[in-house]
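Descriptive structure summary
The residues making up each chain are set out below.
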Amino acid sequence: MKTIVEVNNLTKFYGKNKVLSNVTLKIQEKEIVGLIGPNGAGKSTLMKCLTSLVFFQEGEIKICGYDIQKQREHALSVQSSLIEMPGMYPSMSGAANLTYFAKLGGCSEEQYQFVKEFTGLGDALKKKTKEYSLGMKQRLGLGIALLSEPKFLILDEPMNGLDPDGVISLRESLKYLVEEKKMSILISSHQLGEIEKMASRVIFLNHGEVVDYNEALVQKKFYILESKQIDALIQTLVNREISCQYQKIGEYQILLETSGLNVLQKVLVEAEKQGIEISDIYKKTANIEDIYRQIFKGEA
Ligand SMILES: Nc1ncnc2c1ncn2[C@@H]1O[C@H](COP(=O)(O)OP(=O)(O)OP(=O)(O)O)[C@@H](O)[C@H]1O
């Protein structure tokens, strides 16, 4: 496996406010890594450090082996990003924007043609970009980012404002870039379901720190228990001191997190003793949303 991004003990302050604390992570070739965390967790700041848009005080960042502070030009030459609104000239057409940025970056004719096709904008490339919808701007913005044939792509909330078709098309585009162009992608989003579909791995940030969720959470078993006597069931869990995490997720349902079947059995035995009828049980493996809930309890 080839490491494309290496971040070691990155610490960033805005004034006296520490917004990133000892962030350490790696991204390998052909990985799509999701960056998840509540508002203000530091996702955009981390991305801005990776693209050298902001200065950081401690630690190091290497992109394809190039140090972002000591070999800034090289480190920037192998990456592209789409952070906040894609930059483009509003009174120029999409095609003119592409041509302009292609010339600026010395893009090959082959790559230019690939990007033109890849945007999927077709005839709309002739329109001025001030007439573009948000989705069209995102497509063009991604196209512009790809002109330099980056090894590493950073996307900050690229799904914002996209309709379902736009989201599906973005997902397919990213998978293509990883599979066919061997790129690595870091993508932040609050759309956990989408991240789950497109990312091969997820990094959680909380208060500027990478959360070590140890992926063990993914192996935990979750059961949804349905009962009309849900409050009595919860009371039983408390009274009998059954060691498990649970959460009421509906009028008649609790989500039970256990480390094994024996805990579920204990719960069922106790419920039966108390005359509590469990009407249904569903088994569930942890998904990103479950893990998010575990990590950010009450903060989401
Ligand atoms: N230019 C700035 N000057 C001072 N503080 C800033 C600046 N930019 C961000 N911050 C602070 O840094 C912290 C992290 O912000 P950041 O935008 O990185 O979070 P985020 O995880 O991207 O949030 P969101 O999900 O809302 O986009 C916040 O406390 C924010 O107020």
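In this text, all values refer to a predicted model and were calculated from it rather than measured experimentally. (Residues numbered from 1 in each chain as written. Predicted model: local features only at pLDDT ≥ 70, side-chain atom pairs only at ≥ 80, totals over all residues.)

On a plain count of helices and strands, the protein chain comes out with 11 helices and 14 strands. By its C-alpha atoms, the protein chain is 75 × 45 × 35 Å across when sized along the principal axes. Within the protein chain, the fraction of its 300 residues that count as buried is 33%. Restricting to contacts in the protein chain with at least 6 residues of sequence separation, those with at least 24 account for 72%. (Helix = DSSP H or I, 4+ residues; strand = E, 2+ residues; numbered from the N terminus. Buried ≥ 20, exposed ≤ 12 C-beta atoms within 10 Å, placed from the backbone. Contact = placed C-beta atoms within 7 Å.)

This brings us to the packing of helix H3 (residues 94–105) against helix H5 (residues 134–146). In contact at an axis separation of 9 Å, H3 and H5 are set at 20° when each is read in the N-to-C sense. Between H3 and H5, the angle falls in the class roughly parallel. Considering only the axes of H3 and H5, their crossing is right-handed. Of the residues in H5, those touching H3 at Gly94, Asn97, Leu98 and Phe101 are Leu140, Gly143 and Ile144. (Axes fitted to C-alpha atoms, helices over the stretch in contact; angles between N-to-C directions. Parallel < 35°, antiparallel > 145°, perpendicular 65-115°, else oblique. Left-handed = near helix turned anticlockwise from the far one by under 90°.)

What follows covers the site of the ligand. In the neighbourhood of the ligand, the contacting residues comprise Tyr14, Val19, Gly37, Asn39, Gly40, Ala41, Gly42, Lys43, Ser44 and Thr45. Counting residues per element, the shell around the ligand draws most heavily on helix H1 (residues 43–50), which supplies three residues. In the shell around the ligand, the residues fall into three nonpolar, six polar and one charged. (Near = placed C-beta within 6 Å. Nonpolar A, V, L, I, M, F, W, Y, C, P; charged D, E, K, R; others polar.)

Here we come to the domain arrangement of the protein chain. Structurally, the protein chain comprises domain 1 (3–210) and domain 2 (216–296). Placing the centre of domain 1 and that of domain 2 at their C-alpha centroids yields a distance of 40 Å. Every element with two or more residues in the side of domain 1 that touches domain 2 is listed here: helix H7 (192–198) and strand E9 (201–206). (Domains from an automatic or database assignment.)

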